[in-house]
Amino acid sequence: MPPLHSSLRVLVFNGYAKTTLLDDLTGRFSDLRFSTALHGGFKECRIAVPMSTDRAWLYLARENLPGRHYHHVEITEDKRVVWEGRITDVEYRIDSSFKGLVISALGYYASLRDQYYDANDAGNTNWTTGGPHPAGNIIKELLTKECPDINTDQSNIDT
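Treat the numbers as computed from the prediction; the structure is a model and nothing was measured. (Residues numbered from 1 in each chain as written. Predicted model: local features only at pLDDT ≥ 70, side-chain atom pairs only at ≥ 80, totals over all residues. Heavy atoms only, no water.)

Q: When you look at the pattern of salt bridges in this model, what are you seeing that I'm missing?
A: Should their charged atoms come close, side chains of opposite charge can pair. Scanning all chains against the criterion turns up seven salt bridges. Across the salt bridge formed by R28 and D23, the nearest N and O atoms sit 3.2 Å from each other. The partly exposed category is assigned to R28, whose relative accessible area is 25%. The salt bridge involving D95 is made with R93; its shortest N-O contact spans 3.2 Å. Assessed through its relative accessible area of 35%, D95 is described here as partly exposed. Each of D23, R28, R55 and R68 takes part in salt bridges that share partners, so that together they form one network. (Salt bridge = Lys/Arg side-chain N within 4 Å of Asp/Glu carboxyl O. Buried < 20%, exposed > 50% of the residue type's maximum accessible area, 1.4 Å probe, protein only.)

Q: How do you make sense of the packing of aromatic side chains when you look at a structure like this?
A: In this description, an aromatic ring pair is defined by two values, namely the gap between the centres and the angle between the planes. The full count for this structure, using the stated rule, is two aromatic pairs. With 5.0 Å between their ring centres and 80 degrees between their planes, Y16 and Y108 make a pair best called edge-to-face. Residue Y16 is found in the loop between β1 (8-13) and β2 (21-24), and its partner Y108 is found in the loop between β7 (99-106) and α2 (135-146); the two are separated by 92 residues along the sequence. Among the residues examined, Y108 registers a relative accessible area of 9% and is labelled buried. Ring plane angle 50 degrees and centroid distance 6.1 Å describe the contact between F42 and W83, whose orientation is recorded as tilted. Pair noted here: F42 is in strand β4 (residues 41-50) and W83 is in strand β6 (residues 80-94), with a separation of 41 residues, a long-range link. Given a relative accessible area of 0%, W83 falls into the buried group. Here the guanidinium or amino end of K18 rests over the ring plane of F13, the centre of that ring lying 6.0 Å away. A cation over a ring is seen here: R68 above Y59, with NZ or CZ 4.7 Å from the ring centre. (Phe/Tyr/Trp six-rings, centres within 6.5 Å; stacked < 30°, edge-to-face > 60°. Helix = DSSP H or I, 4+ residues; strand = E, 2+ residues; numbered from the N terminus. Lys NZ or Arg CZ within 6 Å of the ring centre and 35° of its normal.)

Q: In this structure, what is going on with the sheet that holds β2? I would like to understand it.
A: An order of β2-β1-β5-β6-β7-β4-β3 is seen for the seven strands of this open sheet, with the pairing classed as antiparallel. Looking at strand neighbours, the two that pair on one side only are β2 and β3 (31-37), the edges of this open sheet. For this sheet the average axis-to-axis angle between neighbouring strands, irrespective of direction, equals 25 degrees. (Pairing = 2+ DSSP bridges. Axes fitted to C-alpha atoms, helices over the stretch in contact; angles between N-to-C directions.)

Q: Can you help me understand the nonpolar core in this one?
A: Buried together is how nonpolar side chains tend to be arranged in soluble globular proteins. If you look at the biggest cluster of nonpolar residues, it comprises 22 residues, and the most contacted ones within it are I47, Y59 and I75. Apart from residues no more than four positions distant in its own chain, Y59 is found in contact with V12, D23, L25, M51, P66, G67, R68, H69, I87, V90, L101 and I103. (Core = buried A, V, L, I, M, F, W, Y, C linked by side-chain atoms within 4.5 Å. Contact = heavy atoms within 4.5 Å.)

Q: Would you mind showing me how to read the side chain of E74 here?
A: Within the fold, E74 resides in strand β5 (residues 72-77). A polar contact of 2.8 Å, which involves the side chain of E74, links it to the side chain of K18. Setting aside anything within four residues of it in sequence, one finds E74 in contact with R9, V10, L11, F13, K18, V81, W83 and E84. (Polar contact = N/O pair within 3.5 Å; in protein donor to acceptor, adjacent residues only side chain to side chain.)

Q: Honestly, the pairing of β7 in this entry has me stumped. Any pointers?
A: Each regular strand carries side chains that alternate between the two faces of the sheet. Burial analysis of β7 places six of its eight residues in the buried class, the great majority of the element. The pairing of β4 with β7 spans seven bridges and is antiparallel. When the bridges of β7 are listed, P50 appears paired with G100. Where β6 meets β7, eight bridges bridge the pair, whose relative direction is antiparallel. Residue pairing across strands places I87 opposite A105, the latter belonging to β7.

Q: Can you walk me through the environment of L101 in this structure?
A: Mapped onto the elements of the fold, L101 is located in strand β7. In this structure L101 comes out as buried when scored by relative accessible area, which is 0%. A sequence separation of 48 residues divides L101 from T53, and the C-alpha atoms of the two residues are 9.1 Å apart.

None of this, on its own, says anything about what the molecule does.
Here it is as structure tokens:
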């Protein structure tokens, strides 16, 4: 069977710094879907990859090992990044038409969900006391202090 889209490369790295390539899924996936959003950057990605059980085992969380959860996924087209994010869920499926992994990933903007804030955050922000503090300033501060994997360009965030 010919590749689904010959100019798309799908790579899995050990982390955002991309120091080690763990897997090249280029030409091996049977289904690939990804989306973007303004102002949220890259959103969901879903990759179905036919794969043997022993190879899929590397991706699955097991016995206190995270598998490849939170590893970096990068999709490029003609040397241009068209989607990137981190693996959030891995499912091993076996049915009559498919045997392999279904990998779900989210863009790094989803890492905002990893952060928790309240008025008692021990002085880590300048907006928990006094006021007024416009929402745009709060969002910029959260992005700068707590979300280093998100692009630092904040020019489109209005006060």
